[in-house]
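Residues per chain, in single letters:
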Amino acid sequence: MSKSRRIAIDAAALAALAALTLVFFWQIALTNRVLAGLDVYAYFYPYRDFASEAMRAARLPLWNPYLFMGAPLLANSQVAVLYPPNWPLVWLSAPKQVAWSIVGHVWLAGAGTYLFSRAAIKLRPLAAFVSAIIFALGGFLGAQVEHVNQLNASAWLPWLLLCLEVTMGRGRWRWFAVLCGGGVTAITLLAGHTQAAYIVIFGCGVHALLRGWPDFRARKFWQGLRGIWALALMGAMGLALAAGQL
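This section reports on the structure supplied with the text. For clarity, every value in this text was computed on a predicted model and none was experimentally measured. Each chain carries its own residue numbering, running from 1 in the direction its sequence is written. Under the rules for a predicted model, residues below a pLDDT of 70 receive no local features and side-chain atom pairs below 80 are neither given nor counted, while totals for whole chains, interfaces and linings still include all residues. The side-chain quantities take in all heavy atoms of the structure and omit both hydrogens and water.

## Some remarks on the environment of Pro 46
- For Pro 46, the position within the fold is in helix H3 (residues 38–56).
- Think of it in three bands: with a 1.4 Å probe and only protein chains considered, a residue is buried below 20% of the maximum accessible area for its type, exposed above 50%, and partly exposed in between. The exposure class of Pro 46 is partly exposed, given its relative accessible area of 40%.
- The spacing of Pro 46 and Gly 192 is 146 residues in sequence and 16 Å in space, taken between C-alpha atoms. Working definition: helices are DSSP H or I runs of at least four residues, strands are E runs of at least two. Numbering for both runs from the N terminus.

Put into structure tokens, the structure is as follows:
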């Protein structure tokens, strides 16, 4: 298969994933309906509304004067003020911000899974597409749509795995993948759910150890740990980039 044809097939698959995601969530994305679960309705909507109002006025929302006798706002990571994917949405109402954040991150999770399956596992397009649907539209992420920050952090798992795979290869893109992995780690931390960020990083660590298993069996221990070293470097970069929130 030619390179141009392969790119066209992959682009079509990513576009189909976007369409499926929109169909899956059309009731909250394309109508006036809103999610009304306790957490999203009583917690995330008010925080998004207040933080967006401040950001539209070019103010950094450091403090929330309406909770108790005042409470830190920026320091509450669940508000995700410094999470870049939230910034283009600040002009929308809080329910629409959450709705389009869900749509965007579910598609992001599927796209990352598709590209990881194609590049790292070497699956054919249809198999990679099925794997993307299972992860993006399956129960694991679907159960977290009300906890939007947990969904946002979890959606970056396949992207960090992809960066790790490229880093562990022997191509010329290894150091670029390390830089990208540091950025993905930072954005996972900034998404606002610490436990989900830990799960993403820990899962990548397990993957790195499993990939190094043939080297461990051959008693090439340092070679087998190359994925762990790469992940540690990505983690250090991510911590530095996310320091404003942490």
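What follows picks up the thread again.
## Observations concerning the side chain of Asp 215
- With respect to the helices, strands and loops of the structure, Asp 215 is situated in helix H11 (residues 213–217).
- Look at Asp 215 and you get buried, because its relative accessible area is 15%.
- Beyond its immediate sequence surroundings of up to four residues, Asp 215 is in contact with Lys 220, Phe 221, Gln 223, Gly 224 and Arg 226. Only heavy atoms matter for contacts: two residues are in contact if any of them lie within 4.5 Å across the pair.

## Some thoughts on the layout of surface pockets
- The space that makes up the largest pocket amounts to roughly 420 Å³.
- When residues of the lining of the largest pocket are traced back to their parent elements, those giving at least two are helix H8 (157–168) and helix H9 (174–190).
- Here the lining of the largest pocket gets five residues from one element, more than from any other, and that element is H8.
- The classification used treats Ala, Val, Leu, Ile, Met, Phe, Trp, Tyr, Cys and Pro as nonpolar, Asp, Glu, Lys and Arg as charged, and all other residues, Gly among them, as polar. Residue composition of the lining of the largest pocket, by class: ten nonpolar, no polar and three charged.
- For each structure, a 1 Å grid was placed over the protein atoms alone; sets of points admitting a 1.4 Å probe that cannot get out are labelled cavities, open sets with protein on both sides within 12 Å along at least five of seven lines are labelled pockets, and lining residues have an atom within 4 Å of a point. Grid points are joined across faces, edges and corners, and a volume is the space filled by probe spheres set on the points. There is about 240 Å³ of room inside the second largest pocket.
- As for the second largest pocket, its lining consists of Thr 167, Met 168, Gly 169, Arg 170, Arg 174, Trp 175, Val 178, Gln 223, Arg 226, Trp 229, Ala 230 and Leu 233.
- Looking at which element gives the most residues to the lining of the second largest pocket, the answer is helix H13 (residues 226–241), with four residues.
- Classifying every residue of the lining of the second largest pocket gives six nonpolar, three polar and three charged.

## A look at the packing of helix H1 (residues 3–24) against helix H4 (residues 94–119)
- At a closest axis distance of 9 Å, the pairing of H1 and H4 adopts a crossing angle of 150°. Taken together, the axes of H1 and H4 lie roughly antiparallel to each other. Crossing angle aside, the handedness with which H1 passes H4 is right-handed. Along its contact with H1, which presents Arg 6, Ile 9, Asp 10, Ala 13, Leu 14, Leu 17, Ala 18, Thr 21 and Leu 22, the element H4 presents Trp 100, Val 103, Val 106, Trp 107, Gly 110, Ala 111, Tyr 114 and Arg 118.
- Of the residues that constitute the contact of H1 with H4, the class distribution is twelve nonpolar, two polar and three charged. Axis definition: a line fitted to C-alpha atoms, over the contacting stretch in the case of helices. Angles run 0 to 180 degrees between N-to-C directions. Reported orientations rely on four angle classes, namely roughly parallel under 35 degrees, roughly antiparallel over 145, roughly perpendicular from 65 to 115, and oblique for the rest. What makes a crossing left-handed is the near helix being turned counterclockwise from the far one by less than a right angle; a clockwise turn instead makes it right-handed.

## What to know about the packing of aromatic side chains
- Only Phe, Tyr and Trp rings take part, Trp by its six-membered ring, and two of them pair if their centres are within 6.5 Å. Stacked means planes under 30 degrees apart, edge-to-face means over 60, and tilted covers everything else. What the rule picks out here adds up to nine aromatic pairs.
- Aromatic pair Tyr 41 and Tyr 45: ring centres 6.0 Å apart, planes at 65°, arrangement edge-to-face. One end of the pair is Tyr 41 and the other is Tyr 45, both in helix H3 and four residues apart, which spans about a single turn.
- A relative accessible area of 52% places Tyr 41 in the exposed class.
- For Tyr 45, a relative accessible area of 8% gives the class buried.
- Here a set of aromatic residues connected by ring pairs shows up, and it is made of Tyr 43, Phe 44 and Tyr 47.

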